[in-house]
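Each chain is listed here by its residues.
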Amino acid sequence: MANWWDTKKRSGNYATGMDVLNYDIGNLVSEANHIMNAGADYFHFDVQDGHYGPMISVGSPVVEGVRKHFPSKIIICHMLVNDPERFIDQFKEAGCDCFLFQLETVTDEQAKSLVGKIKEAGMKAGVALSQECEVSRLEGLVKDVDLVHISCGDPCHDDVPFNPEMLEKVAAARKMHKKILIEIEGNVTSDDVMGAVKKGANLFVSGYKGEKPDKEFLAMRQIINKIRMGL
């Protein structure tokens, strides 16, 4: 398993992932290869149910198909769904490594229970905060999860610009837990990376732009490589 995925350490665990949403389902394996060849460290699937997430997007069979061809790559499934608990078993069976649910879809009590069930299923547990969700909701929960996701845009709409104010949520989450993985998503550019790193982010999601890697992703990837090497 990838070294950056080790949540027991803090040093060096920086990585770039690519959002598998705008892909050609008829050429799934080819599309996944393009993502890995671009230098992405992991797959980030935005799973929408047509209710919380406005469209019906990636399902567990797609995750299973990618897992079959990429057995050692990390797969994070960002569940933009209502009632995330009902999806735990099917995404575990499909090969999901980290089950990431929107915190605002559950109560605090339900969140604690859900984290336990995700871990019992054998996956890492992650919680995602929308721009509207208060970071204070992480208190009492952050010690139990493996990953915190901060939406700096809108994962359901790729035309929403990056909001730098959300980096204060990153800083607040990092203050709560020094070793947890903190992922940001939402039109993140290479210009945003260093500021986000200083606030405590270490995982960066970029949108998939097709066969030719996006220049911004390549620039972001280069910065992350330099950080990893201590440059």
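The preceding data block contains the structure.
Computed from a predicted structure; not experimentally measured. (Residues numbered from 1 in each chain as written. Predicted model: local features only at pLDDT ≥ 70, side-chain atom pairs only at ≥ 80, totals over all residues. Heavy atoms only, no water.)

Participant: Outline the overall build of the protein, supporting the account with residue identities and numerical values.
Facilitator: From N to C terminus, the protein includes seven helices and eight strands. Among the 231 residues that make up the protein, the fraction classed as buried is 55%. Of the contacts formed within the protein by residues at least 6 apart in sequence, a portion of 69% connects residues at least 24 apart. In the form shown here, the protein has an accessible surface area of approximately 10,400 Å², with 49% of it arising from carbon and sulfur atoms. (Helix = DSSP H or I, 4+ residues; strand = E, 2+ residues; numbered from the N terminus. Buried < 20%, exposed > 50% of the residue type's maximum accessible area, 1.4 Å probe, protein only. Contact = heavy atoms within 4.5 Å. Areas by Shrake-Rupley, 256 points an atom, 1.4 Å probe, with all protein chains shown as cover.)

Participant: Can you lay out helix H2 (residues 60-69) for me, pointing to particular residues and giving the numbers?
Facilitator: Residues Ser-60, Val-62, Val-63, Val-66 and Arg-67 constitute the buried set of H2. In a view along the axis of H2, the buried residues occupy a sector of 155°, so they form one face of it. Along H2, exposed side chains directed more than 90 degrees from the buried face belong to Pro-61 and Lys-68. The inward-facing, buried residues of H2 contact helix H1 (28-37), strand E2 (42-48), strand E3 (74-80) and helix H3 (88-94). (Arc of directions from axis to C-beta.)

Participant: Could you give an account of the packing of helix H5 (residues 167-176) against helix H6 (residues 190-199), with specific residues and numbers?
Facilitator: Contact geometry of H5 with H6 gives a least axis separation of 8 Å together with a crossing angle of 30°. Classified by the interaxial angle, the pair formed by H5 and H6 is roughly parallel. Contacts from Leu-167, Glu-168, Val-170, Ala-171 and Arg-174 of H5 reach H6 at Gly-195, Ala-196 and Lys-199. Residue composition of the contact of H5 with H6, grouped by class: four nonpolar, one polar and three charged. (Axes fitted to C-alpha atoms, helices over the stretch in contact; angles between N-to-C directions. Parallel < 35°, antiparallel > 145°, perpendicular 65-115°, else oblique. Nonpolar A, V, L, I, M, F, W, Y, C, P; charged D, E, K, R; others polar.)

Participant: Explain the packing of H6 against helix H7 (residues 215-228) residue by residue, including any values.
Facilitator: Angle between the axes and distance between the axes are the two parameters that describe a pair of packed helices. Contact geometry for H6 and H7: axes closest at 8 Å, N-to-C directions at 30°. The angle between the axes of H6 and H7 places the two elements in the roughly parallel class. Like other packed secondary-structure pairs, H6 and H7 cross with a definite hand, here right-handed. Of H7, the residues touching H6 (which contributes Ser-190, Val-193, Met-194 and Val-197) are Glu-216, Ala-219, Met-220, Ile-223, Ile-224 and Ile-227. (Left-handed = near helix turned anticlockwise from the far one by under 90°.)

Participant: Explain the pattern of salt bridges to me, and be specific about the residues and the numbers.
Facilitator: Inspection of the entire model under this criterion finds seven salt bridges. Taking the shortest distance from any N to any O, the salt bridge between Arg-221 and Asp-41 comes out at 2.5 Å. Separated by 180 residues along the polypeptide, Arg-221 in helix H7 and Asp-41 in the loop between H1 and E2 bring together distant segments of the chain. Judged by relative accessible area, Arg-221 falls into the buried class, the value being 16%. In this structure, the salt-bridge partner of Glu-85 is Lys-117, at a minimum N-O distance of 2.6 Å. A residue pair is termed long-range when its members are at least 10 positions apart, and Glu-85 in the loop between E3 and H3 and Lys-117 in helix H4 (residues 108-120) qualify at 32 residues. Here Glu-85 falls in the partly exposed class, since its relative accessible area comes to 38%. Taken together, the salt bridges that share partners define one network made up of Asp-41, Arg-221 and Arg-228. (Salt bridge = Lys/Arg side-chain N within 4 Å of Asp/Glu carboxyl O.)

Participant: I'd like to hear about H5, residue by residue, with values.
Facilitator: Restricting attention to buried positions, one finds in H5 the residues Leu-167, Lys-169, Val-170, Ala-173, Arg-174 and Met-176. Buried residues along H5 cover an arc of 165° about the axis, so they all sit on one side. Contact partners of the buried residues in H5: strand E6 (147-151), strand E7 (181-185) and H6.

Participant: Which residues make up the pairing of strand E5 (residues 124-129), and what values do they have?
Facilitator: With six of six residues buried, E5 is to be regarded as a mostly interior element. Direction of pairing for strand E4 (residues 98-102) relative to E5: parallel, over a ladder of five bridges. What sits directly across from Cys-98, in E5, is Lys-124. With respect to chirality, the unit in which E4 leads through H4 into the neighbouring parallel E5 is right-handed. Here E5 runs beside E6; their pairing, made up of four bridges, is parallel. Within E6, the residue paired with Leu-129 across the bridge is Ile-150. (Pairing = 2+ DSSP bridges. Right-handed = clockwise from strand over helix to strand, strands pointing away.)

On their own, these measurements won't tell you what the molecule is for.
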